[in-house]
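The residues making up each chain are set out below.
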Amino acid sequence: MIKEENEYKLTLNFSGTLQLSAKIQRYFSPKTFTKLYNALPLEGPFINNKGIVQIFVNFSAGFDKLVQFAKEGSFLYDPRNNSFFLFLESRNCHPIVQLGTVVEEDLQLLKRIPSSGFVKIQK
């Protein structure tokens, strides 16, 4: 039996102009964690609106541990509309599944995410 990892690193490539690294952790969302990693790569359109980047991809998972507060750089998933969210600033949010965070070294790049385009999420 292969031991499953508790943390995976992802790359988010925004419109080929900006690349961020993020890590997802089993602790935040045990049910969604492996399903997401096995579904990669994923790509789709995104929109950057009012400090939140919403990413629309073909991915579906159920509800997991829900949070109602997101820190700057949080990477989350909303099963109600099959979207990922990247928070550019800390704030309260509707109940949503936390997956992980942007790595600390890339937090300063959050403000440079374009207003819209396509994003590719990959291993």
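Provided above is the structure to which this section pertains.
Each chain carries its own residue numbering, running from 1 in the direction its sequence is written. Per-residue local features are limited, in this predicted model, to residues with pLDDT of at least 70; the limit for side-chain atom pairs, both in listing and counting, is 80 or more; totals at the level of whole chains, interfaces and linings are taken over all residues. Heavy atoms throughout the structure, all of them, feed into the side-chain values; hydrogens and water do not.

Caption draft 1: Structural context of the pairing of strand 9 (residues 116-122). In this sheet, strand 9 lies alongside strand 1 (residues 7-14) in antiparallel orientation, the contact comprising four bridges. Across the sheet, residue Asn13 finds its bridge partner in strand 9, namely Lys120. When DSSP finds two or more bridges between a pair of strands, those strands are recorded as paired. By definition, any uninterrupted DSSP run of H or I lasting at least four residues is a helix, any uninterrupted run of E lasting at least two residues is a strand, and each is numbered from the N terminus.

Caption draft 2: View of the pairing of strand 8 (residues 91-102). Sheet topology places strand 2 (residues 18-25) next to strand 8; three bridges connect them, and they run antiparallel. Bridge pairing in strand 8 places Ala22 opposite Val102. The sheet contact formed by strand 5 (residues 66-70) and strand 8 spans four bridges and is antiparallel. Directly across from Ala70, in strand 8, lies its bridge partner Arg91.

Caption draft 3: Local environment of the nonpolar core. Judged by nonpolar contacts, the single largest core of 32 residues is most densely connected at Phe14, Leu36, Ile55, Phe75, Phe84, Leu86 and Ile113. Residue contacts are defined here by distance: any two heavy atoms, one from each residue, within 4.5 Å place the two residues in contact. If we ignore the near neighbours within four places in the chain, the residues touching Ile55 are Leu12, Pro45, Phe46, Asn82, Ser83, Phe84, Val119 and Ile121. Judged by nonpolar contacts, the second largest core, of seven residues, contains Leu76, Phe85, Phe87 and Cys93. Only buried Ala, Val, Leu, Ile, Met, Phe, Trp, Tyr and Cys residues count toward a nonpolar core, and they belong to the same one when joined by side-chain atoms within 4.5 Å. Burial classes: relative accessible area under 20% of the type maximum marks a residue as buried, over 50% as exposed, and values in between as partly exposed (1.4 Å probe, protein chains only).

Caption draft 4: The side chain of Ser83, seen in detail. Note that Ser83 resides in strand 7 (residues 83-87). Excluding residues that lie within four positions of it along the chain, Ser83 makes contacts with Gln54, Ile55, Phe56, Leu76, Tyr77 and Asp78.

Caption draft 5: A look at helix 1 (residues 30-39). Turning to helix 1, its buried residues are Thr32, Phe33, Leu36 and Tyr37. Seen along its axis, helix 1 keeps its buried residues to an arc of 125 degrees; they face one direction. Pointing more than 90 degrees away from the buried face of helix 1 are the exposed residues Lys31 and Asn38. Elements that come into contact with the buried residues of helix 1 comprise strand 1, strand 2, strand 3 (42-49), strand 6 (74-78), strand 7 and strand 8. Picture the helix axis, draw a direction to every C-beta atom, and the arc is the one those directions span.

Caption draft 6: Inspection of the side chain of Ser29 at higher detail. Locating Ser29 in the fold gives a position in the loop between strand 2 and helix 1. The class of Ser29 is buried, set by a relative accessible area of 0%. Polar contact is the term for a pair of N or O atoms within 3.5 Å; when the atoms are in protein, one must be able to donate a hydrogen and the other to accept it, and sequence-neighboring residues count only if both atoms are side-chain atoms. A polar contact of 3.3 Å, which involves the side chain of Ser29, links it to the backbone oxygen of Gln98. Dropping the residues within four chain positions of it, Ser29 is found in contact with Asp64, Val97, Gln98 and Leu99.

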